[in-house]
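Here is how the chains run, residue by residue.
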Amino acid sequence: MEDQADPDVRRAERLAQQVRRDIHKMRAFLRFRAVEEPDGSERYVAWFEPDHHILRANAGFFVRRFTTMRWSILTPLGSLHWDGETLQEGPPAQAADAPAGDPTEDLWRGYYASIFNPARLKVGAMLKEMPRRYWKNMPEAALIPQLIATAQAREARMVAQGSPEMGERPDTLREIAELVQACRRCPIGCNGTQAVAGEGPDRAGLMIVGEQPGDVEEQAGRPFVGPAGQVLRTHLDEAGIDLPRAYLTNAVKHFKFTPTGKRRLHQSPTAGEIDTCRWWLEGERVLVRPRVILALGASAARGLLGRTVSVQKERGRPHVLEDGAELWITTHPSYLLRLTDEARATEERRFAEDLRAVAGRVRVQAA
Ligand code: URA
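Residues numbered from 1 in each chain as written. Predicted model: local features only at pLDDT ≥ 70, side-chain atom pairs only at ≥ 80, totals over all residues. Heavy atoms only, no water.

Draft legend 1. View of the domain arrangement of the protein. Per the domain assignment, the segments of the protein are domain 1 (7-97), domain 2 (108-161) and domain 3 (173-366). The partner domain 3 presents 8 residues to the 7 residues of domain 2 that form the contact. Between domain 2 and domain 3, a total of about 600 Å² is buried, with carbon and sulfur atoms accounting for 63% of that surface. Linking domain 2 with domain 3 are 0 salt bridges. When contributions to the side of domain 2 that touches domain 3 are tallied by element, the ones reaching two or more residues are α3 (105-115) and α6 (151-161). Sorting elements by how many residues they give to the side of domain 2 that touches domain 3 places α3 first, with 3 residues. The class makeup of the residues in the side of domain 2 that touches domain 3 is 3 nonpolar, 3 polar and 1 charged. (Domains from an automatic or database assignment. Contact = heavy atoms within 4.5 Å. Buried area = accessible area lost by both parts, 1.4 Å probe. Salt bridge = Lys/Arg side-chain N within 4 Å of Asp/Glu carboxyl O. Helix = DSSP H or I, 4+ residues; strand = E, 2+ residues; numbered from the N terminus. Nonpolar A, V, L, I, M, F, W, Y, C, P; charged D, E, K, R; others polar.)

Draft legend 2. Main features of the environment of Val-292. By secondary structure assignment, the location of Val-292 is in strand β10 (residues 292-296). Look at Val-292 and you get buried, because its relative accessible area is 0%. (Buried < 20%, exposed > 50% of the residue type's maximum accessible area, 1.4 Å probe, protein only.)

Draft legend 3. Local environment of the side chain of Ser-72. Considering the arrangement of structural elements, one finds Ser-72 in strand β3 (residues 71-75). A distance of 2.9 Å separates polar atoms of two side chains, one belonging to Ser-72 and the other to His-81. In contact with Ser-72, other than residues within four places in its own chain, are Phe-32, Arg-43, Tyr-44, Val-45, Ala-46, Leu-80 and His-81. (Polar contact = N/O pair within 3.5 Å; in protein donor to acceptor, adjacent residues only side chain to side chain.)

Draft legend 4. Representation of unusual backbone geometry in the model. Of note in the backbone geometry, Phe-224 takes a positive phi value of approximately 50° without being a glycine. With respect to the element layout, Phe-224 can be found in the loop between α8 (215-220) and α9 (227-239). In this structure, Arg-289 is a non-glycine residue whose phi angle is positive, near 50°. Mapping Arg-289 onto the fold places it in the loop between α10 (271-288) and β10.

Draft legend 5. Just the packing of aromatic side chains, in detail. Scanning the model with the defined rule gives 12 aromatic pairs in all. Plain terms: the ring middles of Phe-32 and Phe-62 are 6.5 Å apart, the flat faces sit at 85° to each other, and that makes the pair edge-to-face. Here Phe-32 is found in the loop between α1 (7-29) and β1 (33-36), whereas its partner Phe-62 is found in helix α2 (residues 55-65), with 30 residues between them in sequence. Look at Phe-62 and you get buried, because its relative accessible area is 2%. (Phe/Tyr/Trp six-rings, centres within 6.5 Å; stacked < 30°, edge-to-face > 60°.)

Draft legend 6. Region of the structure containing the sheet that holds strand β4 (residues 78-82). The mixed open sheet is built from 5 strands, whose spatial order is β1-β2-β3-β4-β5. Edge strands, defined here as strands with exactly one partner in the open sheet, are β1 and β5 (87-90). Taken over all neighbouring pairs, the strand axes of this sheet differ in orientation by 25° on average, direction set aside. As paired strands, β4 and β5 are joined by 4 bridges and run antiparallel to one another. Of the residues in β5, the one forming a bridge with Ser-79 is Gly-90. (Pairing = 2+ DSSP bridges. Axes fitted to C-alpha atoms, helices over the stretch in contact; angles between N-to-C directions.)

Draft legend 7. Summary view of the site of the ligand. As a matter of local geometry, the ligand sits amid Gly-210, Glu-211, Gln-212, Pro-213, Gly-214, Glu-217, Pro-223, Phe-224, Asn-250 and His-332. Between a nitrogen atom of the ligand and a main-chain N or O atom of Gln-212, the distance comes to 2.9 Å. Separating a nitrogen atom of the ligand from a side-chain N or O atom of Asn-250 is a distance of 2.7 Å. Within the complex, 93% of the 240 Å² of free accessible area of the ligand lies under protein. Considering only residue class, the shell around the ligand consists of 3 nonpolar, 5 polar and 2 charged. (Near = heavy atom within 4 Å. Areas by Shrake-Rupley, 256 points an atom, 1.4 Å probe, with all protein chains shown as cover.)

Draft legend 8. Region of interest: the sheet that holds strand β7 (residues 247-250). Read from one edge to the other, the open sheet built from 5 strands follows the order β7-β6-β10-β12-β11, with strand pairing classed as mixed. Looking at the sheet topology across the chains shown, the edges are occupied by β7 and β11 (319-320). Examined bridge by bridge, strand β6 (residues 206-210) and β7 share 4 bridges and lie parallel to one another. Bridge assignment links Val-209 to a residue of β7, and that residue is Thr-249. Here α10 sits on the sheet and contacts β6, β7 and β10; the angle it forms with β7, its principal contact strand, is near 170°.

As structure tokens, this is what we get:
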């Protein structure tokens, strides 16, 4: 087995690779559909046709991934049934044993169509990653031929009416708020959500920058109006920072999320997405001209500094930006929400301290 040149070893490795690939494809392309159980509860049932006997090898993955759901995976080689506590193996099944669709599929298809970026389409690579034989059990696959066929026209339309050219800076905050809606420069901008621009006076001594709008903010079209916003507003108040006099915005203007059941789970933007969106943040800075900027968390700090930032190492002191403004970095309020009570008390004290330092600098700069 250690002789990689041996034809039998090579063949065994090729076969093992095919099985590994099948395991991976099952994880990626299996689609659950909701069915109502006789007791009124929900069970998710999926039909999948693997090439190999991989069901047992994949059982642990699906149990860990969907621990709190009740689900069944049906295949022609056997089935698995999870009730939230125990896993049972069952006999082979047929496609007709699984539901043909469920009411959320239209939503899923709508989401898939909206994140499908025609400007990034590479049909060959896509087919290699998602071979056609899997399509028949994937609700979104029915859209693919149409999305491919219309990709060129959609891309041309995007260029014509969508993203304003880089370099042409909007002259007003209102213009930024309008134009950012059409921004499709990164995948988040293409996910069909509304962009959330900053809010506050046209000129402000203090600019507060978060990461990206959350679920509540995206629906409201306003920054920091959800749970993290509550924490932030309380602390700003306690530090003596008058929020209506500050400009509040985010490093990334669209909401990045993963749909899970009925919820949209926040996903952090990548460094590339933050860097792409910096153009809008800089546009806001040029107009608002804050003398002090507070970055909440590492994504916000990256949006302002253009590099990876360690919040713990770089908080608590000013960083002078190229236009002379002072940048202060602290944690993101949603981080505080995720901590246990004891750790939260300590972190909230440090957060409050950072905000008091910023309040002091705003007063000095305004004097
Ligand atoms: N978190 C952010 O970073 N920004 C918001 O607007 C809301 C939550």
